[in-house]
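The lines below spell out each chain.
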Amino acid sequence: MSDYNHCAIEKKWQKIWAKNKIFESKENSSQEKYYCLEMLPYPSGNLHMGHVRNYSIGDVCARFNRMKGKNVLYSMGWDAFGLPAENAAIKNKIHPAKWTKQNISCMKEQLKALGFSYDWSREIATCDAEYYRWTQWLFIKMWEKGLVFRKSANVNWCPSCKTVLANEQVSNGLCWRCNSQTEHKDLEQWFIKITSYADELLYGHKHLQGWPEQVLLMQKNWIGKSCGTEIGFWIAGRDKKLKIFTTRPDTIFGVTFMVIAPEHELINEMKSQIVNYDKVSEYVLASSRKSNKERSSSKEKTGIRLEGVNAINPATEKEIPIFTADYVLTGYGTGAIMAVPAHDQRDWDFAKKYNVPIIEVIKGNNFGVNNCAYEGEGNLVNSGQFNDIKSTEAFDRIAQWIQEQGFGKQTVNYKLKDWLISRQRYWGTPIPMIYCKDCGIVTVPEKDLPVLLPEDVKFTGEGDSPLKTSKTFVHVKCPKCGKDAQRETDTMDTFVDSSWYYARYCDVHNNDAVFDSSKLNYWMPVNQYIGGIEHASMHLIYARFWYKFMRDLGIVKDDEPFAKLLTQGMVTLGGSAMSKSKGNIVSPDEIIPRYGADTLRLFILFAAPVEKQLDWSSDGIEGCWRFINRVWRLFYIVVNTKSVEVACQKDKDSLLKLMHQTIKKVTCDIGEKLQLNTAISFIMELVNALYVYKYHSNDDGLSLKVYETVILLMAPFTPHLCEELWQKLWHSDSISTHAWPIFDENTIKESYVEIPVQINGKLKGKITVPTDAQELEVKNIINTDNKIMLHLEGKQMLKFLYIKNEIVTIVVKNL
């Protein structure tokens, strides 16, 4: 018996797979397709266990469906633009492209060492000109459709990364990349009008039945649709309105002050009228140093009145004060609110603190009790002609009245804001726009795409974008008039690049178009998408939006890019997330030489359900290594053991039945439930049964058949081991393309069932009944001579018999 030499065997099969191009895929209209995809990684330089888990899950899906006879597309690429590469260039004096390519090469070797069945002929990197040429083309198409615009905006600025961040890239006031405190700045920026698709993104959820409810809820909350009324409050003595959005128009008669965000344009516009402007500007500066979370979650609400500037309540025609307060944010609504302190606790506390009047407009028994606002329903008071009307009824009536009076309108508002995509860095997709003094903003002609990143740049980490240091890049002729012009020096947010990569995989080598629609429509949508739940409100929304835009462009036919989504759980060590700073990283490069890729794959799929957190366990790795060796040794037991005793039919039937039950369970767990840990558990049970079985080689080949089934069922999980054993079992084909085993329902079907018998609530015995029984005679159950004859019609079976005080209750179920 030879030992299992995982190093030699795994390298052997990786070479064979690559040489024979066994995982390359082509369109075939006569074959059912299966498109499996994981979110493409950033090439940081090394795989971590989160990567390994993510890709191991995807590889099982791909290998399983390949064996099920489907045409599988399963590829890998690199989300290769981004700040880390540029920061590395500054720190190590190396070009970002070189740093990125080195990292890709390293990670690619790690992926190959794990035996993932990728079609490497379709590999992409978003930093390759052949890819970002089409990113620029799609951007121009959005411009032509009115979905791209440029405007001055108050933006999130990371002073460490020296670039703008989208709202989604700021968490608790910190940059998502470097965790530095962010600031607010006014800059001219490029935006994509994702809000035009807000309703579609929301209503499209009904088609995403294969997505986790938690992700759909996160997206729903992020889009944040709410129906209400937009109302204009005149600034006293000025020809200007302060617009607000409210979902409670029924309380307008109770508005006693207004609050605007510190970033609101009104503060600068009314600078000369604000008596205490110096103090207001100090408050604005202090607010800019707080995160949105700090501003909105602080229990102590702060603010300052804009002295000398008042608004007029259009319902009461009374002047009311205007405050600026940091709990009002510009990211939702208009950046201004109407305050009704009688019926909102936050407004109540603010009004009490700053001595603002409180007017009750909804009658409530506990109004003012314990210094609290009344936030319930009731009849209106102090509301003019609407007095005595129920507040629920008043909502629509007052909203209609506001519209009729001309100072407001019913509208819909969204938390979702247009996508800010400008980045003031080098290592990103150049924005294909040109500025001409005579022609204005002009798109780069399609024939001149891609706009390439220049080489003559200086990476200092200081000042504006490094692109501005390149004379060959900045200065260009206007494509319309031929006069001197300048290129845009901002690059695109990397989330733009990753919003459509899944489509390029379908036709990666096309040099004439973004892709051939016929090829894309064969492969899309992605059948199974796999990635982290942290992307619910960024990548997954952006990708859905981008796909819908491509549909409207007429180059794709479906509405949604991803049919099913799995958000895998995190891999931890001792309950804590693995990180370099904590020093608790376990690298696959440590595990593979000692235990092999198959052991690592098996452990990471067996240790926990795929959607749950997985805590790393050295003992678990050892256990999976022992199991793999048990399967290896079982080959020699099954093939070489010469049993003298002939297998009895009962033992053969039992083993055969278990084999078919296992096939059914594993097939269901992989193909329908994605419960990979239980699938492995069922295989282990079958292996244990083979070890107990005593009749190897003297059972008409049954044990060999069962062992072959074990190898086939294990192939998606431990492909190197199974390829080697498959070959040792005298098969000439690759197990990766061999047909998946089929279970026999008749073999699995139970011949007899046991029916519990209860007497006065206590179990007294069981009745063994043939499953095909048409009549059932029950007697002597309660020590009487009574007989019960039960006639069972069709496919019915007795579920249980319950006897109380000699009264028999019979429950029948359909089979």
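Residues numbered from 1 in each chain as written. Predicted model: local features only at pLDDT ≥ 70, side-chain atom pairs only at ≥ 80, totals over all residues. Heavy atoms only, no water.

## A word on the sheet that holds strand 24 (residues 526-531)
Stage number 1. Taking strand neighbours across the sheet as the criterion, the four strands line up as 2-1-24-25 in an open arrangement whose pairing is parallel. Since the sheet does not close on itself, it has two edges, and those belong to strand 2 (71-73) and strand 25 (562-567), each with one partner. Taken over all neighbouring pairs, the strand axes of this sheet differ in orientation by 20° on average, direction set aside.
Stage number 2. Pairing geometry for strand 1 (residues 33-38) and strand 2, over three bridges, is parallel. Within strand 2, the residue paired with K33 across the bridge is N71. (Pairing = 2+ DSSP bridges. Helix = DSSP H or I, 4+ residues; strand = E, 2+ residues; numbered from the N terminus. Axes fitted to C-alpha atoms, helices over the stretch in contact; angles between N-to-C directions.)

## Side note on the layout of surface pockets
Stage number 1. Of the volumes computed, that of the second largest pocket is approximately 2,200 Å³.
Stage number 2. In terms of lining, the second largest pocket is formed by 48 residues, of which the most central are S44, H48, H51, R177 and E534.
Stage number 3. Only helix 2 (49-67), helix 3 (83-92), helix 14 (494-497) and strand 24 provide two or more residues apiece to the lining of the second largest pocket.
Stage number 4. Tallying contributions element by element places helix 2 first for the lining of the second largest pocket, with five residues.
Stage number 5. Of the residues belonging to the lining of the second largest pocket, the class tally is 24 nonpolar, 19 polar and five charged. (1 Å grid on protein atoms, 1.4 Å probe; cavity = no way out; pocket = protein on both sides within 12 Å on 5 of 7 lines; lining within 4 Å. Points joined across faces, edges and corners; volume = space filled by probe spheres on them. Nonpolar A, V, L, I, M, F, W, Y, C, P; charged D, E, K, R; others polar.)

## Let's talk about the packing of helix 20 (residues 618-640) against helix 22 (residues 676-692)
Stage number 1. Where helix 20 meets helix 22, the closest approach of the two axes is 11 Å, and the angle between their N-to-C directions is 40°. By the angle class used here, helix 20 and helix 22 are oblique. Crossing of helix 20 against helix 22: the hand is left-handed. Of helix 22, the residues touching helix 20 (which contributes F627, R630, V631, R633, L634 and I637) are M684, V687, N688, L690 and Y691.
Stage number 2. Taken together, the residues that form the contact of helix 20 with helix 22 break down as eight nonpolar, one polar and two charged. (Parallel < 35°, antiparallel > 145°, perpendicular 65-115°, else oblique. Left-handed = near helix turned anticlockwise from the far one by under 90°. Contact = heavy atoms within 4.5 Å.)

## A short note on the packing of aromatic side chains
Stage number 1. Tallying each qualifying case throughout the model produces 46 aromatic pairs.
Stage number 2. Ring plane angle 80° and centroid distance 4.8 Å describe the contact between Y522 and W523, whose orientation is recorded as edge-to-face. For the pair shown, Y522 and W523 are each scored as buried.
Stage number 3. Ring plane angle 45° and centroid distance 6.5 Å describe the contact between F635 and Y707, whose orientation is recorded as tilted. Here F635, found in helix 20, pairs with Y707, found in helix 23 (residues 702-714); they are 72 residues apart in sequence, far enough to count as distant. Taken as a pair, F635 and Y707 share a single burial class, namely buried. (Phe/Tyr/Trp six-rings, centres within 6.5 Å; stacked < 30°, edge-to-face > 60°. Buried < 20%, exposed > 50% of the residue type's maximum accessible area, 1.4 Å probe, protein only.)

## Remarks on helix 12 (residues 391-405)
Stage number 1. Compared with an ideal rise of 1.5 Å per residue, which puts 15 residues at 21 Å, helix 12 spans 20 Å between its outermost C-alpha atoms and is within 8% of the ideal.
Stage number 2. Within the span of helix 12, buried status applies to S391, A394, I398, A399, W401 and I402.
Stage number 3. Taken together, the buried residues of helix 12 touch strand 10 (226-235) and strand 16 (408-413).
Stage number 4. Directly after helix 12, the chain includes G406, whose backbone phi takes a positive value near 85°. (Expected span 1.5 Å × (residues − 1).)

## Details of empty space enclosed by the protein
Stage number 1. This model, assessed by the stated rule, comprises two cavities of 30 Å³ or more.
Stage number 2. As for the largest cavity, its lining consists of 16 residues, of which G82, L83, R423, D493 and T494 are closest to the centre.
Stage number 3. Here the element with the most residues in the lining of the largest cavity is strand 6 (residues 163-165); it accounts for three residues.
Stage number 4. Residues of the lining of the largest cavity, tallied by class, amount to six nonpolar, six polar and four charged.
Stage number 5. What the second largest cavity holds in volume is close to 30 Å³.
Stage number 6. Lining the second largest cavity are L602, F627, I680, I683, M714 and F717.
Stage number 7. Looking at the lining of the second largest cavity, its residues break down into six nonpolar, no polar and no charged.

## Notes on the sheet that holds strand 6
Stage number 1. Here we have four strands laid out as an open sheet, ordered 6-5-9-17, and antiparallel in their pairing. Because the sheet does not close on itself, it has two edges, and the strands there are strand 6 and strand 17 (419-420).

## Considerations on the packing of helix 19 (residues 597-606) against helix 22
Helix-helix packing is described using two parameters, namely the angle between the two axes and the distance between the axes.
Stage number 1. Helix 22 packs onto helix 19 with a crossing angle of 115° between their chain directions and a minimal axis gap of 7 Å. Taken together, the axes of helix 19 and helix 22 lie roughly perpendicular to each other. Taking contact as the criterion, the partners of L602, L605 and F606 in helix 19 are, on helix 22, L676, N677, I680, S681 and M684.
Stage number 2. Broken down by class, the residue content of the contact of helix 19 with helix 22 amounts to six nonpolar, two polar and no charged.

These values are about where atoms sit, not about what they do.
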